[in-house]
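Structural overview
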Amino acid sequence: MTPLVLTVFLLVYLGMILGGLPFLKLDRTGVALLGAIVLVASGAVTEEAARAAIHTPTLALLFSFMVVSAQLRLGGFYDWATRRLGALPVQPPLLLGALIAVAGGLSAVFSNDIVCLAMAPVLAELCLARRLDPVPFLLALACAANIGSAATLIGNPQNMLIGETLHLSFADYLAQAALPTGLGLAVTWGLILVLTRGRWALPDGLLTAVAATEPQAEPGRRLDPWQSAKGLAVAALLFAAFLFVPWPRDLLALAGAGFLLTSRQLHSRRMLGLVDWELLVLFMGLFVVNHALQATGLPAQAVTELAAVGIDLRDPAPLFAAGFLLSNLVSNVPAVMLLLPTATHPLGGTLLALSSTLAGNLFIVGSIANIIVVQAAQRRGIPIDWRRHARIGVPVTLCTLAVAAVSLWLGVR
């Protein structure tokens, strides 16, 4: 079965690179699911092995925080926070700094993708209302959300996977990642200020394009103080429990999600409708495909052969570099699944989490958060092509990776 497993694996990861397969109406989720179906249906992976390969604690944690974020979205918290931010009576450089701090902080607790999905449309409207060029602010939102999400083991899906699979301490990881992510947010602010060169005013050409575009963003939600307070209270309690209570994070998170679902005002259908079921299916499909490949022994053999020529992925520097390169090739979640077996160094989990997450700012396709922001801008007539993104994304990525590498190197020493 090894040739079949290898063929399915290569096709699935080709789909991860291309975003789908040629001539088929399949996205990354569909490709991963189809690959898992082929392996199970052919007998290359038994049903029992497929069930065992799916790491349920990761899925439970991911699902639970999707429910918490859904509570805050329906309670209007993200819209309220963005509007309060946009109403600050400060000059554009300080407004940019406040945006980066808020987006980074929220993404450390809630999913970076959800933060961008909720904040990007409102932010674009607020910038236009203040006659500010929205592009630097939207790109700052995407970059800050990606960087901030690296600060904790619940900030993004790949960090959840790393933390649950390697059984990392929530407090220890936070202590290791807080400095590089905090410095990364500050570096991002400085770089965008330099690259913007003081040009904050809304360009005339962009104003014309925006005026000719009908707003397509979903209407903003008014703040519901009670529902928002419930969501924030659950998130705060979970965060504190993760820091101080030695109980399984997935079970604590499920308890919090269950509490929020037992509501007298918000219907569970609306809450569950905001859960990213496709991402959960993507995880399950990739779990099965990667398990099948690991069972062939080929990855272990490849790691041994690379080590023989001086590239040992179990060492910090090669693992950090591999996390960066693979994340931009196949996206961060598939990259992390491939590299997790090599993260045996005491700082391996932190290295992999930071490199795979910070790599997402390099190009638009490197992170779902980037794509969400760019699409929200396009719906409002604000074009952000890959060149415009790269002018900020490339230097931000290289500088934040350098900061993280130096910080972790000092930690290793």
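Here, the structure is the one placed above.
Residues numbered from 1 in each chain as written. Predicted model: local features only at pLDDT ≥ 70, side-chain atom pairs only at ≥ 80, totals over all residues. Heavy atoms only, no water.

Re the overall build of the chain
- For the chain, the helix and strand inventory stands at 21 helices and zero strands.
- On C-alpha atoms alone, the chain measures out to a radius of gyration of 21 Å, which is about the 22 Å that the 2.2 N^0.38 rule sets for 413 residues.
- Buried positions account for 53% of the 413 residues belonging to the chain.
- Taking all contacts inside the chain whose residues are at least 6 apart in sequence as the whole, residues at least 24 apart take part in 80%.
- Per element, the accessible surface of the chain, about 18000 Å² overall, is 67% carbon and sulfur. (Helix = DSSP H or I, 4+ residues; strand = E, 2+ residues; numbered from the N terminus. Rg over C-alpha atoms; globule rule 2.2 N^0.38 Å. Buried < 20%, exposed > 50% of the residue type's maximum accessible area, 1.4 Å probe, protein only. Contact = heavy atoms within 4.5 Å. Areas by Shrake-Rupley, 256 points an atom, 1.4 Å probe, with all protein chains shown as cover.)

A look at the packing of aromatic side chains
- Counted according to the given criterion, the structure contains 10 aromatic pairs.
- Measuring from centroid to centroid gives 5.2 Å for Phe170 and Phe239, while their planes differ by 85°, and the two rings are edge-to-face. Within this pair, whereas Phe170 is found in helix 10 (residues 170-196), its partner Phe239 is found in helix 12 (residues 225-244), the two being separated by 69 residues in sequence.
- Judged by relative accessible area, which is 3%, Phe170 ranks as buried.
- Connected via pairs of aromatic rings, a cluster forms that spans Phe65, Phe170, Phe239 and Phe242.
- Sitting over the face of the ring of Phe259, Lys230 holds its NZ or CZ atom 5.8 Å from the ring centroid. (Phe/Tyr/Trp six-rings, centres within 6.5 Å; stacked < 30°, edge-to-face > 60°. Lys NZ or Arg CZ within 6 Å of the ring centre and 35° of its normal.)

Digging into the pattern of salt bridges
- Within the structure shown, the criterion is met by six salt bridges.
- Residues Arg380 and Glu125 are paired through a salt bridge, measuring 2.4 Å at the closest nitrogen-oxygen approach. Placement of Arg380 in the loop between helix 20 (368-379) and helix 21 (386-412) and of Glu125 in helix 7 (residues 112-129) is noted, with a sequence separation of 255 residues between them.
- Where Arg388 meets Asp133, a salt bridge forms, and the shortest distance between an N and an O atom there is 3.6 Å. With Arg388 in helix 21 and Asp133 in the loop between helix 7 and helix 8 (134-149), this pair connects stretches of sequence that are 255 residues apart.
- Judged by its relative accessible area of 28%, Arg388 falls in the partly exposed class.
- Residue classification places Asp133 among the buried residues on the basis of a relative accessible area of 7%. (Salt bridge = Lys/Arg side-chain N within 4 Å of Asp/Glu carboxyl O.)

Description of the packing of helix 8 against helix 10
- At a minimum axis distance of 10 Å, the contact between helix 8 and helix 10 shows a crossing angle of 165°. The angle between helix 8 and helix 10 falls in the class roughly antiparallel. As helix 8 runs across helix 10, the sense of the crossing is right-handed. Residues Pro136, Ala140, Cys143, Ala144, Ile147 and Gly148 of helix 8 lie in contact with helix 10, whose contacting residues are Thr181, Gly184, Leu185, Thr188, Ile192 and Thr196.
- Counted by class, the contact of helix 8 with helix 10 contains seven nonpolar, five polar and no charged residues. (Axes fitted to C-alpha atoms, helices over the stretch in contact; angles between N-to-C directions. Parallel < 35°, antiparallel > 145°, perpendicular 65-115°, else oblique. Left-handed = near helix turned anticlockwise from the far one by under 90°. Nonpolar A, V, L, I, M, F, W, Y, C, P; charged D, E, K, R; others polar.)

Some words on unusual backbone geometry
- A positive phi angle, near 55°, is found at His167, a position not held by glycine.
- Here His167 shows up in the loop between helix 9 (157-166) and helix 10.
- Residue His167 is classed as exposed on the basis of its relative accessible area of 68%.
- Although it is not a glycine, Ser331 adopts a positive phi angle of roughly 85°.
- As for its placement among the helices and strands, Ser331 is situated in the loop between helix 17 (316-330) and helix 18 (332-339).

Notes on the packing of helix 1 (residues 2-18) against helix 15 (residues 277-296)
- With their axes 9 Å apart at the nearest point, helix 1 and helix 15 run at an angle of 140° to one another. Between helix 1 and helix 15, the angle is such that the two are oblique. In terms of crossing hand, the pair formed by helix 1 and helix 15 is left-handed. When helix 1 is examined against helix 15, the residues Thr2, Val5, Leu6, Phe9, Val12, Tyr13 and Met16 are found in contact with a partner set consisting of Leu282, Leu286, Val289, Asn290, Ala292, Leu293 and Thr296.
- Residues belonging to the contact of helix 1 with helix 15 are distributed by class as follows: 11 nonpolar, three polar and no charged.

Let's talk about the state of the cysteines
- Summed over all chains, the structure comprises zero disulfides.
- Note on Cys127: no disulfide assigned, nearest cysteine sulfur contributed by Cys116 at a separation of 14 Å.
- The thiol sulfur of Cys143 is not disulfide-bonded, and the nearest other cysteine sulfur, from Cys116, lies at 9.4 Å.
- Judged by relative accessible area, which is 2%, Cys143 ranks as buried. (Disulfide = S-S within 2.5 Å.)

Keep in mind these numbers describe shape, not what the thing actually does.
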